[in-house]
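# Commentary on secondary and tertiary structure
Given next are the chains, with one letter for each unit.
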Amino acid sequence: MDRIRIAGGTPLRGTIAIGGAKNAALALMPACLLTDETLTLTNLPDLADIATMANLLAQHGVRLTLQGDRGADRVLDLAATEIINTTAPYDLVRRMRASVLVLGPLVARCGQARVSLPGGCAIGTRPVDLHLKALEQMGARIELQEGYISATVNGRLHGAEIVFPQVTVGGTENALMAATLAKGETIISNAAREPEVADLAHCLVAMGARIEGIGSDTLTIQGVERLHGARYRVVPDRIETGSYAVAAAITRGDVELVGARLDLMGAVVKVLTDCGVTVSATENGVRIAADRADIVGTDIMTEPYPGFPTDMQAQLMALMATAGGASMITETIFENRFMHVPELMRMGARINVHNASAIVRGVPRLSGAPVMATDLRASVSLVLAGLAAEGETIVNRVYHLDRGYERVEEKLAACGARIERLHDGAAE
Ligand code: EPZ
């Protein structure tokens, strides 16, 4: 398994290109199932999770044609001319929970779907009950058999008034996609407002869907008989942006994130500014300057967009571990998203966890150490800590990292980081 070795202490200077959003692409790709015409996605990131979704769609009968190469604007054609299989098998779904996003489109297009229950993952049990309740309200008959979700509808789904008791990104996306082909009007209340949900809605409109309220917590959809093909550009990744913003801040560097959009960063901008980092829009993206900053601690609570994103919690904790003063970090979205804590503590971080809150007392310098990645965002927080630490850090199990970050060592090395990937097959 690959590992990453970092010799910390170098302030990052230069530019980092920000790619298309993983969590937008993972919803945009299954949208191709809603039409028999070709959906073309541009600015597609080159990530393991994208490849997993491509494999899943291919076994449904989608023809995928990839143009462009690594780093250039990657263009993917997806043609679900004929759907030959409506089962999403356990072996594929267990690798990536976002596979459940084929459920809504398959039921809407084919009247049936058999999708493996995703099961839990490292950060929590992550049920999909809200996805299923929404589809049931739209007329789908849902049964759970042998670890699979079996959903069927006689004829077409029908519109419904769906009120999510808690914000769910995937639940909103499944309901939204299903509603575009349902008979009549669907209103989704307490809908997720994440930019990736808005990106999906804009793409569906480009495919002929009728959606009002995009970007708000209430989506109103008038179902149509069919959708057509479209060409759509994936929105820039706000979490990749935030992760590299922390890389600049934690090394006290000065970096321009090319292709990033300040307006998508939500509460991350205020939090970084409160910590003493200068965040500003440039002609080509966003500039992060911390070379003359005394980084100070601040308190955050993760919330649905536009609040501070749970996907940035581990990264901010790494920064707070090196800040002056104390910080309180409260995780409200997932029940087990502090697995980076013991690894950061191996590097000298001073962190106390009490239930959903972690108190972080900054230290002048972290010290490099061998550490273990446990999930996608925890793994990047360990890389960030390694960039600032004195001495050498080895991050093991970087396959977690490759699920959501494209060429991370190349992008950081180009800004002066002393970082390399060790392609050793040795299992730890
Ligand atoms: C999406 O996951 C993202 N993944 C996650 O990013 C992100 O952390 C999460 O939204 C929250 O922003 C993708 O978009 C592919 P949810 P999702 O449904 O849709 C509970 C990353 O690092 N819930 O908004 O699965 C759930 O357990 C990943 O890129 C139910 O109880 O998240 C969680 O506590 C990690 N029942 C909360 O809601 C349901 O039916 C939010 O989950 C659905 C969700």
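A word on the overall build of the chain. Within the chain one finds 14 helices and 24 strands. A globule of 428 residues ought to have a C-alpha radius of gyration of about 22 Å, and the chain, at 21 Å, matches this closely. Principal-axis analysis of the C-alpha atoms places the extent of the chain at approximately 65 × 45 × 40 Å. Put simply, 75% of the contacts in the chain that link residues at least 6 apart link residues at least 24 apart. Of the roughly 16200 Å² of accessible surface on the chain, a fraction of 49% belongs to carbon and sulfur atoms. Each charge sign in the chain was given a centre, from 40 positive and 48 negative side chains, and these centres are 2 Å apart.

Bringing the pattern of salt bridges into the picture now. Where charged atoms of side chains with opposite charge meet at close range, the side chains can pair. This structure, assessed with the given rule, holds 25 salt bridges. R5 serves as the salt-bridge partner of E392, at 3.9 Å between the closest nitrogen and oxygen. Linking E392 in strand β23 (residues 392-396) with R5 in strand β1 (residues 3-7), this pair joins segments that are 387 residues apart in sequence. Looking at E392, the relative accessible area reads 44%, which means it is partly exposed. In this structure R5 comes out as partly exposed when scored by relative accessible area, which is 30%. Shared partners join several salt bridges into a network, and the residues in it are D2, D402, E409 and R421.

Below, the discussion takes up helix α5 (residues 129-137). Those residues of α5 lying buried are L130, H131, L132, A134 and L135. Of the surrounding secondary structure, the elements contacted by the buried residues of α5 are α4 (103-110), β8 (141-145), β9 (148-152), β10 (161-163) and α6 (169-179). Downstream of α5 by one or two residues, G139 has phi in the positive range, about 105 degrees.

Let us now look at unusual backbone geometry. Note that the residue after Y305, namely P306, is joined by a cis bond; omega there is 10 degrees. As for its placement among the helices and strands, P306 is situated in the loop between β18 (300-301) and α10 (313-320). Located in the positive-phi region is N43, a residue other than glycine, with phi close to 60 degrees. With respect to the helices and strands, the residue N43 is situated in the loop between β3 (38-42) and α2 (48-60). Positive phi is not limited to glycine here, since R252 has a value of about 60 degrees. By the secondary structure assignment, R252 is in the loop between α8 (238-250) and β15 (254-258).

One open sheet holds the 4 strands; their spatial order is β18-β19-β21-β20, and the pairing between them is mixed. At either end of the open sheet lies a strand with only one pairing partner, and these are β18 and β20 (350-354). Here β18 runs beside strand β19 (residues 326-330); their pairing, made up of 2 bridges, is parallel. Considered in β19, the bridge of I300 is made with I329. Packing against the sheet, α10 makes contact with β18, β19, β20 and β21 (357-361), and its axis sits at approximately 170 degrees to β19.

Inspection of every chain in the model, using the stated rule, returns 0 aromatic pairs. Directly above the aromatic system of Y148 lies the positively charged group of R114, at a separation of 3.9 Å from the ring centroid.

Turning our eyes to something else, we now look at α8. The terminal C-alpha atoms of α8, which comprises 13 residues, lie 18 Å apart, in line with the 18 Å expected from a rise of 1.5 Å per residue. Most of α8 is tucked away: 13 of the 13 residues are buried. Among the residues of α8, the N-terminal cap falls to D237, whose side-chain oxygen and the backbone nitrogen of I239 are separated by 2.9 Å. Where α8 ends, the next residue or the one after it, R252, has phi of about 60 degrees, a positive value.

What follows deals with the site of the ligand. What surrounds the ligand is a group of 21 residues, the closest being D129, L130, T168, D311 and I333. Here I333 contributes a backbone N or O atom positioned 2.6 Å from an oxygen atom of the ligand. Contacts to the ligand include R377, whose side-chain N or O atom sits 2.8 Å from an oxygen atom. In isolation the ligand has 830 Å² of accessible area, and contact with the protein removes 87% of it. Listed by contribution, the elements that provide at least two residues to the shell around the ligand are α1 (22-28), α5, α6 and α12 (376-388).

So, how was this worked out
Residues numbered from 1 in each chain as written. Predicted model: local features only at pLDDT ≥ 70, side-chain atom pairs only at ≥ 80, totals over all residues. Heavy atoms only, no water. Helix = DSSP H or I, 4+ residues; strand = E, 2+ residues; numbered from the N terminus. Rg over C-alpha atoms; globule rule 2.2 N^0.38 Å. Contact = heavy atoms within 4.5 Å. Areas by Shrake-Rupley, 256 points an atom, 1.4 Å probe, with all protein chains shown as cover. Lys, Arg positive; Asp, Glu negative; His and termini not counted. Charge placed at Lys NZ, Arg CZ, Asp CG, Glu CD. Salt bridge = Lys/Arg side-chain N within 4 Å of Asp/Glu carboxyl O. Buried < 20%, exposed > 50% of the residue type's maximum accessible area, 1.4 Å probe, protein only. Pairing = 2+ DSSP bridges. Axes fitted to C-alpha atoms, helices over the stretch in contact; angles between N-to-C directions. Phe/Tyr/Trp six-rings, centres within 6.5 Å; stacked < 30°, edge-to-face > 60°. Lys NZ or Arg CZ within 6 Å of the ring centre and 35° of its normal. Expected span 1.5 Å × (residues − 1). Polar contact = N/O pair within 3.5 Å; in protein donor to acceptor, adjacent residues only side chain to side chain. Near = heavy atom within 4 Å.

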